[in-house]
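# What the coordinates show
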Protein chains: 2
Amino acid sequence: MSHPHRAHVAARLSGTVRIVGAGLLGSSIGHALRAKDIDVVLADASPSQLRLAIDYGAGRRARDDDRPGLIVVAVPPDVVADVIEAELAVYPDAVVTDVASVKLDPFDELRRRGVDLTRYIGSHPLAGRERGGAISARADLFIGRPWVVCRDGETRPADLALVEALALDVGAMPLEMTPEEHDRSVAITSHVPQVVASLLAARLADADEGSLRLAGQGVRDTTRIAASAPELWVQILGANAEPIVEVLDALASDLRDVSDALREPNAPGSRRTVADAIRQGNEGVERLPGKHGQNRRFEQLVVMVDDTPGQLGRLFGELGELNVNVEDLRLEHSPGAQFGLAEISVAPAALRGAIDGLEERGWQIAGNTND
Amino acid sequence: MSHPHRAHVAARLSGTVRIVGAGLLGSSIGHALRAKDIDVVLADASPSQLRLAIDYGAGRRARDDDRPGLIVVAVPPDVVADVIEAELAVYPDAVVTDVASVKLDPFDELRRRGVDLTRYIGSHPLAGRERGGAISARADLFIGRPWVVCRDGETRPADLALVEALALDVGAMPLEMTPEEHDRSVAITSHVPQVVASLLAARLADADEGSLRLAGQGVRDTTRIAASAPELWVQILGANAEPIVEVLDALASDLRDVSDALREPNAPGSRRTVADAIRQGNEGVERLPGKHGQNRRFEQLVVMVDDTPGQLGRLFGELGELNVNVEDLRLEHSPGAQFGLAEISVAPAALRGAIDGLEERGWQIAGNTND
């Protein structure tokens, strides 16, 4: 796998990169920069976390005579403002950025304290894993992911370029937004879906055992992210409360409207309320950006696959022979059955050839979107 | 692929199987029974739909002298009670079942009309596709899926056995439930997730374009089923209003609680309310039955895959050589990047061998759940 990376940070940097917070994000940035021979120093309030990160090669231990040109604050949301303030004070020549998933709250807090924020540029890489800590870090965590960079009127172009170079160096795509735009965006695309998935899944926690026997792929997809860690999410939701609350209140009101309409099916407008909810949902899901950041649409074919080793290998090997690129893939297992359905997305122009070629080779095509 | 199917219906049936409604479900049942050489007659209010179903081989046209022993009513929810009543009257010797996705509503309606329901047994195959109609029908639609059969005090064992034989004949797994149990179960596992996904996606329809740039896999999964057809869902939700309304009201109240807690973060219990929502969500999602109907847990490894034809084939081919069975699979594409991450679920005992074997063969393992 080759990616056209150059060490952008090194070209713009005098001194080292200092990373404060050696958890998943901090250590992963360290690994990615070390892979480009950039000098990285690490600091963490937890001596054991710091030791782990250093042992795994994310950087070296910070010393008093370090001269960082760029400081990355990668600490939990509830201490991010404190750490940014301290780093700006201790290193008066360094550009300071952070990677917290909420941007306006620390910015406002620092302004309230009267901190000069000329050298601070908030940022947020849209990357993560279900497990945290230095031990889960990996150099490729950010590859291909958006990395939001928040400039303001005070930002110096050279400083902005340095933070964007950091994003590029670790393989991410810098994306400029204001803190307000960023926070509104993650409220609707990340924080509210988390709350909704959690509350829906919480209803399953109360359901009797028998009720869950009919659960299928739909409810599994809808609740998948409900497996997230409570500690982190209490902080994230708390730090971005305002835009989240706005959407949650609107949603609660929508839920009540649908509920009222179902309770009084013969009231004027009731059927329309329910139909509009589903129809507007159709429109919303169509607006989500697809693969490669575009709204490209793919066709799907569904292939029956025996649940034994090598079957998927044979399938994808033969798709490769047919020169069909698999754009997306979903495996569905029938509960109780020893086989699965592989739903394969391909470019529209490739659909017919994929179906014909697979059928020739003996595969059973259970259906396709051009039926 | 071999499944131990015998023609259960044929052994128990005198006469033919009559299917009323030649849409996706009715025609698919027809195809599956025809594949077992069972005589199937079809009826549909739409002459063009009926002609299509017959042309595609789902059965033959109904005649006045048909002597059906089993009648399957596969019509839209809003006419299902009418059709059941008519079929019971016209064919006084036949067992009548239906495949509507709500069970109590037609049953109550028929009782209100004073219809003798001794020969009626409601049922519901948990199967479907995103596209409907005779043209989308397929013989394997029901394979491995649960097929709920609703007996009551009046049900004769031989009639119950006939409906369960139908389910087995088309490859489904019969599951006995009362209509109330069934409707409560689909309310929580299917109907409420649909409403929630639709309303969440509807919020995306209102969002400004820029906000959607940060959308990732989480919101895509949470809203996937929002792509469903409004016409059908208005009927389904209307027919199962009572248990749905109960869960929707509870959810709306939960949403308000979280919203209030975020609005007043320093009020007593606020942090706890938010943390409990996420934690109970963790519990709920853990209760969903996994593959093969069990709560078996798998380990995951994440492999980086170039976005070119043949790469997935090579990966799965090599997993086959390593004798590793892929239990589940999720492909994630980084927006804007020309490669993807394949998250592969394997039995815990197979994890180490899979990682070592793939790394030996040059694959980059981006992470695994045993890190």
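Just so you know, these numbers come straight off a predicted model, no measurement behind them.

A few words on the overall build of chain A. A count of helices and strands for chain A gives 13 helices and twelve strands. Taking the principal axes of its C-alpha atoms as reference, chain A extends roughly 65 × 60 × 40 Å. Residue burial in chain A is summarised as follows: out of 371 residues, 58% are buried. Long-range pairs, those at least 24 residues apart, make up 69% of the contacts in chain A between residues at least 6 apart in sequence.

Let's shift gears to the interface of chain B and chain A. Residue-level contacts link 137 residues of chain B with 138 residues of chain A. Summing both partners gives a buried area of about 12,300 Å² for chain B against chain A, and 63% of it is carried by carbon and sulfur. Counting every contact that joins chain B to chain A gives ten salt bridges. In this structure, the salt-bridge partner of D249 of chain B is R256 of chain A, at a minimum N-O distance of 3.7 Å. At 21 residues, the largest contribution of residues to the side of chain B that touches chain A is made by helix α7 (residues 179-206) of chain B. Class assignment of the residues belonging to the side of chain B that touches chain A gives a composition of 67 nonpolar, 39 polar and 31 charged.

What follows concerns the relation of the copies chain B and chain A. When chain B is brought onto chain A, the operation consists of a screw motion whose angular component is 180° and whose axial shift is 0.0 Å, with 0.1 Å RMSD remaining. Interpreted geometrically, this transformation is the action of a two-fold axis. Residue T222 of chain B, judged by its C-alpha, is the member of chain B lying nearest the rotation axis, at 2.0 Å. A share of 100% of interface residues in chain B that are also interface residues in chain A marks the association as one of identical surfaces.

Here we take up the sheet that holds strand β5 (residues 95-98) of chain B. Residue and element names in this part refer to chain B. With mixed pairing, eight strands are arranged side by side in an open sheet as β3-β2-β1-β4-β5-β6-β7-β8. Both edges of this open sheet fall to β3 (60-61) and β8 (173-176), since each of them pairs with a single strand only. Direction of pairing for strand β2 (residues 40-43) relative to β3: parallel, over a ladder of two bridges. The residue of β3 that forms the bridge with L42 is R61. Packed on one face of the sheet, helix α3 (residues 47-55) meets β2 and β3 and runs near 160° to β2.

Our next topic: the layout of surface pockets. The method is simple in principle: a probe with the dimensions of a water molecule rolls over the atoms, and the space it marks as empty is what remains. Roughly 970 Å³ of volume is contained in the second largest pocket. In terms of lining residues, the second largest pocket is bounded by 40 residues, among which G238, A239, N240, A241 and E242 of chain A are the most central. For the lining of the second largest pocket, the elements supplying multiple residues, two or more each, are α4 (80-90), α5 (104-112), α7 (179-206), α9 (230-239) and α10 (241-263) of chain A together with α7, α10 (241-263) and α11 (270-287) of chain B. Its residues assigned to classes, the lining of the second largest pocket shows 18 nonpolar, six polar and 16 charged.

Applying the stated criterion across every chain yields a total of 48 salt bridges over all chains. In this structure, R18 of chain A and E87 of chain A form a salt bridge, with 2.7 Å as the shortest nitrogen-oxygen distance. In this pair, R18 of chain A sits in strand β1 (residues 16-20) while E87 of chain A sits in helix α4, placing the two residues 69 residues apart along the sequence. Take E87 of chain A: its relative accessible area is 7%, and that puts it in the buried class. Residues E109 of chain B and R112 of chain B are paired through a salt bridge, measuring 2.9 Å at the closest nitrogen-oxygen approach. Of this pair, E109 of chain B and R112 of chain B both sit in helix α5 (residues 104-112), separated by three residues, roughly a single helical turn. Several salt bridges converge on common partners, so that one network encompasses D82, E85, E109, R112 and R113 of chain A.

Now for a nonpolar patch on the surface. All names here are of chain A. Judged by side-chain polarity, L52, Y56 and I135 come together as a nonpolar surface patch covering roughly 260 Å² of accessible area. Mapped onto the elements of the fold, Y56 is located in the loop between α3 (47-55) and β3 (60-61). We classify Y56 as partly exposed; its relative accessible area is 47%.

Let us look at the pairing of strand β7 (residues 146-150) of chain B. All names here are of chain B. Within β7, five of the five residues are buried, which leaves it mostly tucked inside the rest of the structure. Pairing analysis gives four bridges linking strand β6 (residues 120-125) to β7, with the strands arranged antiparallel. If you follow H124 over to β7, its bridge partner there is V148.

As a packed pair, α10 of chain A and α10 of chain B sit with axes 9 Å apart at the nearest point and diverge in direction by 160°. Here α10 of chain A is positioned roughly antiparallel relative to α10 of chain B, judged by the angle of their axes. Crossing geometry of α10 of chain A relative to α10 of chain B is assigned as left-handed. A class-by-class count of the residues in the contact of α10 of chain A with α10 of chain B yields 18 nonpolar, four polar and six charged.

Conventions and cut-offs
Residues numbered from 1 in each chain as written. Chains lettered and ligands numbered in written order. Predicted model: local features only at pLDDT ≥ 70, side-chain atom pairs only at ≥ 80, totals over all residues. Heavy atoms only, no water. Helix = DSSP H or I, 4+ residues; strand = E, 2+ residues; numbered from the N terminus. Buried < 20%, exposed > 50% of the residue type's maximum accessible area, 1.4 Å probe, protein only. Contact = heavy atoms within 4.5 Å. Buried area = accessible area lost by both parts, 1.4 Å probe. Salt bridge = Lys/Arg side-chain N within 4 Å of Asp/Glu carboxyl O. Nonpolar A, V, L, I, M, F, W, Y, C, P; charged D, E, K, R; others polar. Least-squares fit on C-alpha atoms with pLDDT ≥ 70 in both. Pairing = 2+ DSSP bridges. Axes fitted to C-alpha atoms, helices over the stretch in contact; angles between N-to-C directions. 1 Å grid on protein atoms, 1.4 Å probe; cavity = no way out; pocket = protein on both sides within 12 Å on 5 of 7 lines; lining within 4 Å. Points joined across faces, edges and corners; volume = space filled by probe spheres on them. Patch = residues over 30% accessible without salt bridge, like charges linked within 9 Å, V, L, I, M, F, W, Y side chains within 5 Å. Areas by Shrake-Rupley, 256 points an atom, 1.4 Å probe, with all protein chains shown as cover. Parallel < 35°, antiparallel > 145°, perpendicular 65-115°, else oblique. Left-handed = near helix turned anticlockwise from the far one by under 90°.

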